[in-house]
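As a plain string of letters, each chain reads:
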Amino acid sequence: MPPVTLITGAGSGIGREIAIVLSACRHALVLVGRNESSLAETVTLLHPGHPAHRVVRADISDAEQAQGAVDAAVREFGTLDNLVNNAGAAPLLPIEEHTPRLLDEIYRVNAIGPANLIARAWPVMKRQRSGCIINISTIGTMDPLPGFFGYAAAKAALNTMTLSCAKEGARLNIRAFSIAPGAVETQMLREVYRQSGMAHQKGMPP
């Protein structure tokens, strides 16, 4: 049985690239995202030799949909070996423009959603006494760019969850890691800078 990996935000950017690489490593993939057409495009880019895949349209900021994505993976493949929490929301705004509604959305996508996925996947990994959780964070948790007030803080919460998973999972053979990249030129990053009017200022290509 090939390893089964669930990837959120698999329709573009880092999530898509992770899916492509893992398909070449013969992982069975559960591709999760809000945009079905983007997920379908990712499927066309997968390595032809990958064992199988399942597309799950879900908004992980919604608890039931987040949990349902894990359930779909287990129904399809009978197990879940790896969980990659990659989906993110990163509006670039001054502190005073972070409204209660926006802060709620930022935390739901970047912290609460991953927490729901982890909590749902944990009993599966605990039962099989193996598993790996990968949380895509940001270097901004250590050195936040101006404008990433909510985003950086939410990702810092995700980092703390990673530490909790690593400590509690050690005796269960469940590993957990945070990956904290700097700026990666993805469609999401381009969109963030375009909407903020900072693209020209930062020298980003159009």
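Residues numbered from 1 in each chain as written. Predicted model: local features only at pLDDT ≥ 70, side-chain atom pairs only at ≥ 80, totals over all residues. Heavy atoms only, no water.

1. Focus on the packing of helix α1 (residues 13–24) against helix α2 (residues 36–45)
The packing of two helices is summarised by the inter-axis angle and the distance between the axes. It is at 9 Å that the axes of α1 and α2 come closest, and there the two elements cross at 30°. Taken together, α1 and α2 sit at an angle that is classed as roughly parallel. Of the two elements, α1 crosses α2, and the hand of that crossing is right-handed. Of the residues in α2, those in contact with Arg 16, Ala 19 and Ile 20 of α1 are Ser 38, Glu 41, Thr 42 and Leu 45. The residue makeup of the contact of α1 with α2, split by class, is 3 nonpolar, 2 polar and 2 charged. (Axes fitted to C-alpha atoms, helices over the stretch in contact; angles between N-to-C directions. Helix = DSSP H or I, 4+ residues; strand = E, 2+ residues; numbered from the N terminus. Parallel < 35°, antiparallel > 145°, perpendicular 65-115°, else oblique. Left-handed = near helix turned anticlockwise from the far one by under 90°. Contact = heavy atoms within 4.5 Å. Nonpolar A, V, L, I, M, F, W, Y, C, P; charged D, E, K, R; others polar.)

2. Focus: the sheet that holds strand β2 (residues 28–33)
The sheet built from 6 strands is open, its strands ordered β3-β2-β1-β4-β5-β6 with parallel pairing. Each edge of the open sheet is held by one strand with a lone partner, namely β3 (53–57) and β6 (174–179). Strand after strand, the sheet turns through a mean of 15° between neighbouring axes, direction not considered. In this fold helix α5 (residues 149–169) packs onto β5 (131–136) and β6, with an angle of close to 160° to the strand it touches most, β6. (Pairing = 2+ DSSP bridges.)

3. Looking at the pattern of salt bridges
If charged atoms from side chains of opposite charge come close, those side chains can pair. Inspection of every chain in the model, using the stated rule, returns 4 salt bridges. Residue Arg 120 is joined to Asp 71 by a salt bridge in which the shortest nitrogen-to-oxygen separation is 2.9 Å. One end of the pair, Arg 120, is in helix α4 (residues 100–128); the other, Asp 71, is in helix α3 (residues 63–77), with 49 residues separating them in the sequence. Relative accessible area serves as the criterion here: at 35%, Arg 120 is assigned to the partly exposed category. (Salt bridge = Lys/Arg side-chain N within 4 Å of Asp/Glu carboxyl O. Buried < 20%, exposed > 50% of the residue type's maximum accessible area, 1.4 Å probe, protein only.)

4. Some points on the confidence of the model for the protein chain
The pLDDT averaged across the protein chain works out to 91; a share of 88% of its residues lies at or above 70. Long-range and interchain partners of residues 199–206, a stretch whose pLDDT sits below 50, account for 12 contacts in this model, where long-range means more than four residues apart. (pLDDT = per-residue confidence, 0-100.)

5. Observations regarding unusual backbone geometry
Backbone geometry at Arg 26 places phi at a positive 65°, although glycine is not the residue there. Turning to its location among the elements, Arg 26 is positioned in the loop between α1 and β2. Positive phi, normally seen in glycine, also occurs at Asn 173, with a value near 65°. In this structure, Asn 173 sits in the loop between α5 and β6.

6. A short note on the nonpolar core
Counting 28 residues, the largest nonpolar core has Leu 6, Val 30, Val 32, Leu 80, Leu 83, Leu 117 and Ile 133 as the members making the most contacts within it. The residues contacting Val 30, other than those within four sequence positions of it, are Val 4, Thr 5, Leu 6, Ile 7, Arg 54, Val 56, Ala 69, Ala 73 and Phe 77. In terms of nonpolar packing, the next biggest core, distinct from the first, is built from 13 residues, Leu 22, Leu 46, Cys 132 and Ile 136 among them. (Core = buried A, V, L, I, M, F, W, Y, C linked by side-chain atoms within 4.5 Å.)

7. Points about the side chain of His 50
Among the structural elements, His 50 can be located in the loop between α2 and β3. Judged by relative accessible area, His 50 falls into the buried class, the value being 15%. A polar contact of 2.7 Å, which involves the side chain of His 50, links it to the backbone oxygen of His 47. Other than its neighbours up to four places away in sequence, His 50 contacts Ser 23, Arg 26 and His 27. (Polar contact = N/O pair within 3.5 Å; in protein donor to acceptor, adjacent residues only side chain to side chain.)

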